[in-house]
Amino acid sequence: VSGYSPDVAVVVATVRALKMHSGRFRIVAGKSWWNDMQTDHGFNPPPVWTIAGKFFSDIVDNASVQFNQFLASLDLLYLIATFVILWWGFGWRVFAVGAIFWGCQASAPYFWTGGAFLRQDWLFFSVASVALMRKRYFKLAGGSLVYAGLLRIFPGLVKTFESSTVTSYSMW
């Protein structure tokens, strides 16, 4: 259709690389989990996630099972850092309410996304932007909010709500 015909060597190298990388997950996951993963959920991450994901996944060539488990634990580290920055920005009471809410919510249980790869990064950067804003680090807060918005749509909705609230307050 486009008139472009790829080089056969490029196609062969790409297929071989795909087989090599998917073999890692077969070893780590086990047969039943691997079969469950074959259900197509689509690959639709934004470009900034793809850049960060490539950075972390390319740290070690031919990664071991332990390295893949480390990659899966990055989300746990993001969640811990989210609560640490909540404590730093707002104190122990807000931290406690946030931890209780997160622990009791039924809409997004951790077993659904836990052990995934960079699924909680947007939450960390969203919370970080608000905490940084409260501590008057406005440039870092803006950068965190922009990065969170580039990762997922939710932080962009938070910014829209914030802007409309500030506008309606100033008009009142």
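This is a predicted model, so every value here is computed, not measured. (Residues numbered from 1 in each chain as written. Predicted model: local features only at pLDDT ≥ 70, side-chain atom pairs only at ≥ 80, totals over all residues. Heavy atoms only, no water.)

1. As for the overall build of the protein chain
Moving on, step 1. When you go through the protein chain residue by residue, the secondary structure sums to 9 helices and 0 strands.
Moving on, step 2. The buried share of the protein chain, reckoned over its 172 residues, is 25%.
Moving on, step 3. Taking the contacts inside the protein chain whose residues are at least 6 apart along the sequence as the reference set, 65% of them involve residues at least 24 apart.
Moving on, step 4. Of the roughly 12,600 Å² of accessible surface on the protein chain, a fraction of 69% belongs to carbon and sulfur atoms. (Helix = DSSP H or I, 4+ residues; strand = E, 2+ residues; numbered from the N terminus. Buried < 20%, exposed > 50% of the residue type's maximum accessible area, 1.4 Å probe, protein only. Contact = heavy atoms within 4.5 Å. Areas by Shrake-Rupley, 256 points an atom, 1.4 Å probe, with all protein chains shown as cover.)

2. Some words on the confidence of the model for the protein chain
Moving on, step 1. Averaged over every residue, the pLDDT of the protein chain is 78; the share at 70 or more is 66%.
Moving on, step 2. Across the protein chain, helix 7 (residues 121-134) holds the top mean pLDDT of 91, while helix 9 (residues 154-171) sits lowest at 62. (pLDDT = per-residue confidence, 0-100.)

3. A closer look at the side chain of Ser-144
Moving on, step 1. Here Ser-144 is to be found in helix 8 (residues 138-151).
Moving on, step 2. Judged by relative accessible area, Ser-144 falls into the buried class, the value being 10%.
Moving on, step 3. Contact partners of Ser-144, with chain neighbours within four places excluded, come to Phe-125, Ala-128, Ser-129 and Leu-132.

4. Examining a nonpolar patch on the surface
Moving on, step 1. On the surface, Phe-70, Leu-76, Leu-77, Ile-80 and Val-84 cluster together to form a nonpolar patch covering roughly 450 Å² of accessible area.
Moving on, step 2. Tracing the backbone through its elements, the reader meets Leu-77 in helix 4 (residues 65-90).
Moving on, step 3. Of the residues examined, Leu-77 reaches a relative accessible area of 46% and is grouped as partly exposed. (Patch = residues over 30% accessible without salt bridge, like charges linked within 9 Å, V, L, I, M, F, W, Y side chains within 5 Å. Salt bridge = Lys/Arg side-chain N within 4 Å of Asp/Glu carboxyl O.)

5. With respect to the environment of Lys-135
Moving on, step 1. With respect to the helices and strands, Lys-135 occurs in the loop between helix 7 and helix 8.
Moving on, step 2. Residue Lys-135 is classed as partly exposed on the basis of its relative accessible area, which comes to 36%.
Moving on, step 3. Considered as a pair, Lys-135 and Gly-89 are 46 residues apart in the sequence and their alpha carbons are 6.4 Å apart.
Moving on, step 4. For Lys-135, the contacting residues outside a window of four places in its chain are Trp-88 and Gly-89.
Moving on, step 5. A polar side-chain atom of Lys-135 sits 3.4 Å from the main-chain carbonyl oxygen of Trp-88. (Polar contact = N/O pair within 3.5 Å; in protein donor to acceptor, adjacent residues only side chain to side chain.)

6. Quick look at the packing of aromatic side chains
Moving on, step 1. Counted under the stated rule, the structure contains 11 aromatic pairs.
Moving on, step 2. An angle of 75° between the planes, with centres 6.0 Å apart, marks the rings of Phe-83 and Trp-102 as edge-to-face. Of this pair, Phe-83 sits in helix 4 while Trp-102 sits in helix 5 (residues 92-104), and the two are 19 residues apart along the sequence.
Moving on, step 3. Residue Phe-83 is classed as buried on the basis of its relative accessible area, which comes to 16%.
Moving on, step 4. Taking relative accessible area as the criterion, Trp-102 reaches 28% and is therefore assigned partly exposed.
Moving on, step 5. When the centroid spacing of 4.9 Å and the interplanar angle of 45° are considered together, the rings of Trp-87 and Phe-95 count as tilted. (Phe/Tyr/Trp six-rings, centres within 6.5 Å; stacked < 30°, edge-to-face > 60°.)

7. Notes on the environment of Leu-118
Moving on, step 1. One can find Leu-118 in the loop between helix 6 (110-113) and helix 7.
Moving on, step 2. What makes Leu-118 buried here is its relative accessible area of 1%.
Moving on, step 3. Residues Leu-118 and Asp-75, spaced 43 residues apart in sequence, show a C-alpha to C-alpha distance of 5.6 Å.
Moving on, step 4. Ignoring anything within four residues of it in the chain, the contact list for Leu-118 reads Trp-49, Ala-52, Gly-53, Phe-56, Leu-74, Asp-75, Tyr-78 and Arg-152.

8. Quick word on helix 7
Moving on, step 1. Spanning 14 residues, helix 7 covers 20 Å between terminal C-alpha atoms, matching the ideal 20 Å at 1.5 Å per step.
Moving on, step 2. Within helix 7, 10 of the 14 residues are buried, leaving the element largely enclosed by the surrounding structure.
Moving on, step 3. Buried within helix 7 we find Asp-121, Leu-123, Phe-124, Phe-125, Ser-126, Val-127, Ala-128, Ser-129, Ala-131 and Leu-132. (Expected span 1.5 Å × (residues − 1).)

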